[in-house]
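# Notes for the structure review
As a plain string of letters, each chain reads:
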Amino acid sequence: MKKIDSEGELLLQPEKPGYPWQILEADGETWVIVRWRDTVANQPLGKLESVYLKKFIWELVAEHEEKCFYVGEIIFQINYRETDAAQKELEWQEPWVEEFLFNEDLFTEKDEEMSAFPEEKKYAKTVFSSLLLEGNELKEGQDDGDTLVEGIKCCEVILPWRCWLKGKGTNETPVLKKVHLTQAGLYTLLLEALIKLEKRQEFSSTAEDALTTSVEEEKLYELTEDSIFEIMGTPVQRAFWRYTYNPRRERLLLRAMKIINLIYVSAEGGGERFLIASGTGEEETVMLKGVTRSLYPAELDIRCEQMKPGLIGTNKIVYQCKQLYSIQREPPQKKETTALPAESAVAKRDVVLNLQPLKRNRPGERWINKQECSDKWRNKMIITIKL
Amino acid sequence: MGIAANLPDQVLLEYVLEIDDGEVVFKDRETIKNCWRIKSTNSNYAIWEYQGNLGLLQELLEWRKLLAEKGFTDFLHFYKTKSEKNFVQVKQNGYYVTTWPAEGYAFFAPEKRSGLTKVVEALSRLRTAGKLLAKKKDTQTEYLERAEVYWLKAYQERLTELLIFYCYLQEKRLANDFERLYVENFEDFYERGQQAIQRMVLASSSSDNSGEEGFLIGNFLPENMLETETSIIFLNTAYGFKGLPIHDLSLFLKMYLPLQKWDEELALNLLTRYQEKSTLDNQEKNLFLAQLSFPGRFCIYTQKYLDGTGEVSELAADFQKYLYEIYWHDRCLEKLENRLWGE
């Protein structure tokens with residue numbers, strides 16, 4: 001089956017960059033963007049010299065069946081230079097005009113109050129320097145600033161992070177994909193690190209192969225309000241699965257809500273460049289033919305073989321993938337040991353007890369039996385009047 | 001005599017001027033707006049057009065006349081009409097005629113320090129002459145409230161606009177260097193603005209009485225000032241707003257000290273020149289420091305950005321230069337403050 005979307009481009013909207021982290025937990029992969037922005041310099045910043053990776057550690061602190069929780073930390077050392085403001089030559093055109101205009105503006109009656117700002121984005125090329133590095137290009141080390149050249153200042157940035165990694169399969173090692181450092185103002189540095197966590201999908205052929213179908217998909221997405229320098233990934237999030245069985249045609253229909261996300265490096269420098277854009281959500285429908293038994297599926301496995309997304313211009317993406325849907329009729333627990341865990345045993349015993357008719361207390365019995373109740377009440381008759 | 005277009009015929013007919021046949025009245029579009037000049041064998045004239053409240057123009061010209069009587073000669077002398085009026089009204093506009101210097105003048109050159117001193121000395125003379133004027137109840141103007149209160153409100157409104165824009169930027173991804181510089185420096189500028197307002201409140205509540213609020217010159221653009229060998233001549237003074245003369249000094253210094261890298265020695269020297277006849281009282285000191293410290297250009301860059309006038313990259317570059325300039329500005333202001341309060 002091949003789906004080609006011909007209804008025009010689907011829109012992807014960039015999310016507002018979050019601090020100190022922005023996380024996308026999709027099916028089988030998690031993208032963590034850790035961000036740091038701070039005023040580091042007393043004098044205006046000059047040149048960005050280098051970024052060193054001092055530490056990149058993580059720990060798998062919790063693991064459930066289909067999700068695991070990671071806690072990590074990443075430490076960078078940033079080397080930069082400052083500019084001596086006192087030595088800076090000012091080349092003014094006509095500063096007096098601006099001051100005059102301000103003074104004149106003070107006494108100008110405004111027709112209407114400033115209520116809304118134009119929505120259009122005014123992107124302009126930055127004049128500030130920046131560094132965009134691949135994770136594996138980063139130099140490690142430099143424990144202290146002893147080896148620093150005169151005039152170079154350094155600061156250490158510690159970025160803790162934590163996230164879930166959801167999905168089936170074995171955990172791959174978290175990878176630091178890219179690092180971006182830029183001057184975001186006269187005294188401010190902005191650092192971003194993009195980390196990817198992934199599950200390696202193991203999708204072995206079983207007896208249920210008959211309930212497997214593949215769908216090829218090709219769609220065109222358009223990113224609004226930004227332009228792309230590099231596409232890092234197109235993770236998919238799915239939810240709200242519904243199954244419908246058609247006994248006459250022997251078909252099983254699968255429906256879900258699907259959101260395509262885009263992890264990309266923005267072409268607009270000077271600010272945040274590692275960004276997440278998301279679609280508004282689409283309905284995903286998959287038809288499995290030849291399903292002779294009307295059993296409700298116990299489990300669904302999806303394997304996605306994505307082609308590298310193609311970039312058209314600076315903001316259009318051709319998304320191609322082959323999805324493999326596999327229905328398991330029986331839950332996997334069936335294959336495991338028959339010995340029930342302790343918790344299950346307790347649960348079972350409760351069920352048995354609950355079958356007996358409940359003994360009703362006499363009116364006031366519980367109250368009288370309380371230890372703190374005065375003894376004199378034990379000899380009294382309690383009369384309950386029902387209205 | 002050739003008459004320039006747009007000058008109503010009846011204006012010149014209302015005046016007794018020494019104009020020979022064949023002389024040309026021309027509109028000086030290049031340098032001065034709303035001005036026609038007449039070059040004559042014996043005299044030179046300028047005809048000024050005023051668009052606005054004519055009651056205010058009447059009061060302004062009366063004020064200039066009174067100042068001239070007190071010996072202030074740094075304004076162009078204006079002529080009365082045949083019917084002894086200060087100006088001629090044609091439709092909604094007012095027209096008045098002044099002298100124009102014959103020779104030996106040049107437009108004010110911002111880079112020359114001699115010009116700065118001459119302007120400050122002229123402003124000092126204006127302040128002294130203003131103090132000599134008898135207090136007169138303001139009945140013509142629309143500005144019923146005290147000038148300091150108006151400034152105070154105007155400053156607070158500008159700061160509020162800046163704050164609104166800052167809050168807006170907090171909710172979005174910053175798109176360019178201007179927005180990034182804005183967010184980075186907003187708190188500092190807002191703090192400066194608030195401090196300026198505090199000083200203005202102090203000035204407003206000061207027990208000192210700095211005398212009658214006069215008209216402000218307000219326009220210190222190079223094309224509005226003629227520099228002669230010994231002094232300065234202010235051309236168009238129909239600015240129309242009142243205040244204490246110290247407003248003019250602080251505006252002038254804010255306009256031209258950036259070009260001098262806020263030279264502390266020069267600023268102190270100019271302040272000394274201004275105070276030669278009488279020192280500033282507490283109200284004037286507070287107003288002076290308030291106006292010098294208010295981040296006016298930050299407001300202008302923001303306004304330009306919001307209006308979409310000018311290239312974003314140029315605005316960001318100007319803003320960046322302004323941030324560098326603040327370093328010098330602060331140093332200079334500290335020295336001026338120390339001098340004023342005798343520390």
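For clarity, every value in this text was computed on a predicted model and none was experimentally measured.

What follows deals with the overall build of chain B. In terms of helices and strands, chain B carries 10 helices and 10 strands. By the burial criterion, 59% of the 343 residues in chain B qualify as buried. Within chain B, contacts between residues separated by at least 24 positions form 74% of all contacts whose residues are at least 6 apart in sequence.

Moving on to the packing of aromatic side chains. Each aromatic ring pair is summarised here by two numbers: the centre-to-centre distance and the angle between the ring planes. Within this structure, the stated rule accounts for 39 aromatic pairs over all chains. Geometrically, the ring pair formed by Phe102(A) and Tyr155(B) is stacked, given 6.4 Å between the ring centres and 25 degrees between the ring planes. In this pair, Phe102(A) sits in helix 1 (residues 95–106) while Tyr155(B) sits in helix 4 (residues 147–170), so the two residues belong to two different chains. According to the relative accessible area criterion, Phe102(A) is buried, its value standing at 4%. Of the residues examined, Tyr155(B) reaches a relative accessible area of 2% and is grouped as buried. Centroid distance Tyr301(B) to Tyr322(B): 5.9 Å. Interplanar angle 75 degrees. Geometry classified as edge-to-face. Highlighted residues: Tyr301(B) in helix 9 (residues 296–307) and Tyr322(B) in helix 10 (residues 312–340), separated in sequence by 21 residues. Across the pair, exposure class does not vary: Tyr301(B) and Tyr322(B) are buried alike. One residue, Arg35(A), lies across the ring of Tyr19(A), its end atom 5.9 Å from the ring centre.

Before going further, it helps to spend a moment on the domain arrangement of chain B. When the parts of a complex come together, some accessible area is lost, and that lost area is often used as the size of the interface. Residues and elements named next belong to chain B. Domain boundaries assigned for chain B yield domain 1 (9–103) and domain 2 (113–340). Opposite the 21 residues of domain 1 that make contact, domain 2 presents 27 residues. For the domain 1 and domain 2 pair, buried surface summed over both sides reaches about 2300 Å², with 70% attributable to carbon and sulfur atoms. In terms of surface lost to domain 2, no three residues of domain 1 exceed Glu59, Trp63 and Asp74, which account for 26% of the buried area on that side.

This part is about the pattern of salt bridges. All names here are of chain A. Per the stated rule, a full pass over the model turns up 43 salt bridges over all chains. Of the charged contacts in the structure, one is a salt bridge between Lys168 and Glu299, with a shortest N-O distance of 2.5 Å. Of the two residues, Lys168 is situated in the loop between strand 9 (152–166) and strand 10 (170–171) and Glu299 in strand 19 (residues 299–306); the sequence distance between them amounts to 131 residues. The partly exposed category is assigned to Lys168, whose relative accessible area is 29%.

All names here are of chain A. Counting through the fold element by element, Leu300 comes out in strand 19. Given a relative accessible area of 15%, Leu300 falls into the buried group. It is 15 Å that separates the C-alpha atoms of Leu300 and Val215, two residues lying 85 residues apart in sequence. Those residues within four positions of Leu300 in sequence are excluded, and the remaining contacts are Lys168, Trp241, Tyr243, Leu254, Tyr325, Ser326 and Ile327.

Residue and element names in this part refer to chain A. Of all 11 residues in strand 4 (residues 29–39), eight are buried; the element is thus mostly enclosed. As judged from the six bridges shared by strand 3 (residues 21–26) and strand 4, these two strands associate in the antiparallel manner. Pairing of Ile23 across the sheet is with Val32, part of strand 4. The turn joining strand 3 and strand 4, which pair antiparallel and follow one another in sequence, is formed by two residues; a positive phi near 80 degrees is taken by Gly28. When strand 4 meets strand 12 (residues 188–200), the two strands line up antiparallel, connected through 11 bridges. For Val32, the partnering residue across the bridge sits in strand 12 and is Ile195.

All names here are of chain A. Taken in spatial order, the four strands make up an open sheet running 8-5-6-9, and their pairing is mixed. Either end of the sheet is taken by a strand with one partner, and the two such strands are strand 8 (139–140) and strand 9. The pairing of strand 5 (residues 45–63) with strand 6 (residues 67–82) spans 14 bridges and is classified as antiparallel. Within strand 6, the residue paired with Trp58 across the bridge is Gly72.

Averaged over every residue, the pLDDT of chain A is 81; the share at 70 or more is 76%. Scored below 50 in pLDDT, residues 334–355 of chain A makes zero contacts in the model with residues more than four places away or belonging to other chains.

Residue and element names in this part refer to chain B. Spatial strand order, 6-8-9: three strands in an open sheet with antiparallel pairing. Either end of the sheet is taken by a strand with one partner, and the two such strands are strand 6 (106–107) and strand 9 (232–234). Strand direction decides the pairing type here: strand 8 (residues 225–227) and strand 9, joined by three bridges, are antiparallel. Bridged to Glu227 within strand 9 is Ile232.

Right, let's talk about helix 7 (residues 264–274) of chain B for a bit. Residue and element names in this part refer to chain B. Within helix 7 the residues assigned to the buried category are Glu264, Leu266, Ala267, Leu268, Leu270, Leu271 and Tyr274. Residues of helix 7 that are buried sit in contact with helix 3 (113–132), helix 6 (246–256), helix 8 (282–293) and helix 10. Residue Asp263 occupies the N-cap position of helix 7, its side-chain oxygen lying 2.9 Å from the main-chain nitrogen of Glu265.

Residue and element names in this part refer to chain B. Topologically, Ser124 is positioned in helix 3. Ser124 gets classed as buried once you look at its relative accessible area, which sits at 5%. There is a polar contact of 3.0 Å between the side chain of Ser124 and the backbone oxygen of Tyr274. Excluding residues that lie within four positions of it along the chain, Ser124 makes contacts with Arg273 and Tyr274.

Right, let's talk about the interface of chain A and chain B for a bit. At the junction of the two partners, chain A supplies 53 residues and chain B supplies 56 residues. Inspection of the region where chain A meets chain B yields six salt bridges. Here Asp105(A) ties to Arg158(B) by a salt bridge, and the two come within 3.2 Å at their closest N and O atoms. Counting across the chain A and chain B interface gives 16 residue pairs in polar contact (both at pLDDT 80 or more). The greatest single-element share of the side of chain A that touches chain B, amounting to 12 residues, is contributed by helix 1 of chain A.

Next up on the list: the domain arrangement of chain A. Residue and element names in this part refer to chain A. By the assigned domains, chain A splits into domain 1 (1–17 + 204–330) and domain 2 (29–83 + 124–200). Contact residues are listed per partner, giving 19 residues for domain 1 and 21 residues for domain 2. Roughly 1600 Å² of surface becomes buried between domain 1 and domain 2 when both sides are summed, with 64% attributable to carbon and sulfur atoms. The largest per-residue losses of area from domain 1 upon contact with domain 2 belong to Met232, Gly270 and Phe274, which jointly make up 41% of the total buried on that side. Applying the counting rule to domain 1 against domain 2 returns four salt bridges. Between Arg37 and Glu272 there is a salt bridge, with the nearest N and O atoms lying 3.6 Å from each other. At the junction of domain 1 with domain 2, the criterion picks out seven residue pairs in polar contact (both at pLDDT 80 or more). Where the side of domain 1 that touches domain 2 is concerned, the elements lending two or more residues are strand 14 (228–233), strand 16 (251–266), strand 17 (274–278) and strand 19. With four residues, strand 14 is the largest single contributor of residues to the side of domain 1 that touches domain 2.

Residues and elements named next belong to chain B. One way to put it is that helix 8 packs onto helix 10 with a least axis distance of 11 Å and a crossing angle of 175 degrees. Taken together, the axes of helix 8 and helix 10 are roughly antiparallel relative to one another. Contact with helix 8, carried on its side by Lys285, Phe288, Leu289, Leu292 and Ser293, involves His329, Leu333, Leu336, Glu337 and Leu340 of helix 10 and no other residues of that element. Looking at the contact of helix 8 with helix 10 residue by residue, the classes come out as six nonpolar, two polar and two charged.

The rules behind these values
Numbering of residues starts from 1 in each chain and follows the order in which that chain's sequence is written. Here every chain gets a letter starting at A, and every ligand a number starting at 1, in the order they are written. Reporting in this predicted model follows two pLDDT cut-offs: at least 70 for local features of residues, and 80 or more for side-chain atom pairs to be given and counted; totals over whole chains, interfaces and linings ignore these cut-offs and use all residues. Hydrogens and water are ignored here; the side-chain numbers use all heavy atoms of the structure. Strands are runs of DSSP state E lasting at least 2 residues, helices are runs of H or I lasting at least 4, and numbering of each runs from the N terminus. Three exposure classes are used, based on accessible area relative to the maximum for each residue type with a 1.4 Å probe and protein chains only: buried under 20%, partly exposed in between, and exposed over 50%. Residue contacts are defined here by distance: any two heavy atoms, one from each residue, within 4.5 Å place the two residues in contact. Note on aromatic pairs: the rings of Phe, Tyr and Trp (six-membered ring only in Trp) are paired at centre separations within 6.5 Å, and the planes decide the class, stacked below 30 degrees, edge-to-face beyond 60, tilted for the rest. Two thresholds decide whether a charge sits over a ring: the Lys NZ or Arg CZ must be within 6 Å of the ring centre and within 35 degrees of the ring normal. Segmentation of the chain into domains, including their bounds, is taken from an automatic or database domain assignment. Put simply, buried area is the surface a 1.4 Å probe can reach on two separate parts but cannot reach once they are joined, added for both. Put simply, a salt bridge is a Lys or Arg side-chain nitrogen that is within 4 Å of an Asp or Glu carboxyl oxygen. Only when DSSP finds a minimum of two bridges between them are two strands counted as paired. Residue-level confidence of the predictor is summarised by pLDDT, bounded by 0 at the bottom and 100 at the top. Whenever a nitrogen or oxygen atom comes within 3.5 Å of another N or O atom, the pair is scored as a polar contact, on the condition that within protein one atom can donate a hydrogen and the other can accept it, and that pairs from neighbouring residues in sequence are kept only if both atoms are in side chains. In this description, a line fitted to the C-alpha atoms serves as the axis of each element, helices being fitted only across the stretch in contact, and the angle between N-to-C directions of two axes falls anywhere from 0 to 180 degrees. Throughout this description, any angle smaller than 35 degrees is read as roughly parallel, any larger than 145 degrees as roughly antiparallel, any in the 65 to 115 degree range as roughly perpendicular, and the remainder as oblique. By the convention adopted, Pro, Cys, Tyr, Trp, Phe, Met, Ile, Leu, Val and Ala count as nonpolar, Lys, Arg, Asp and Glu as charged, and the other residues, Gly among them, as polar.

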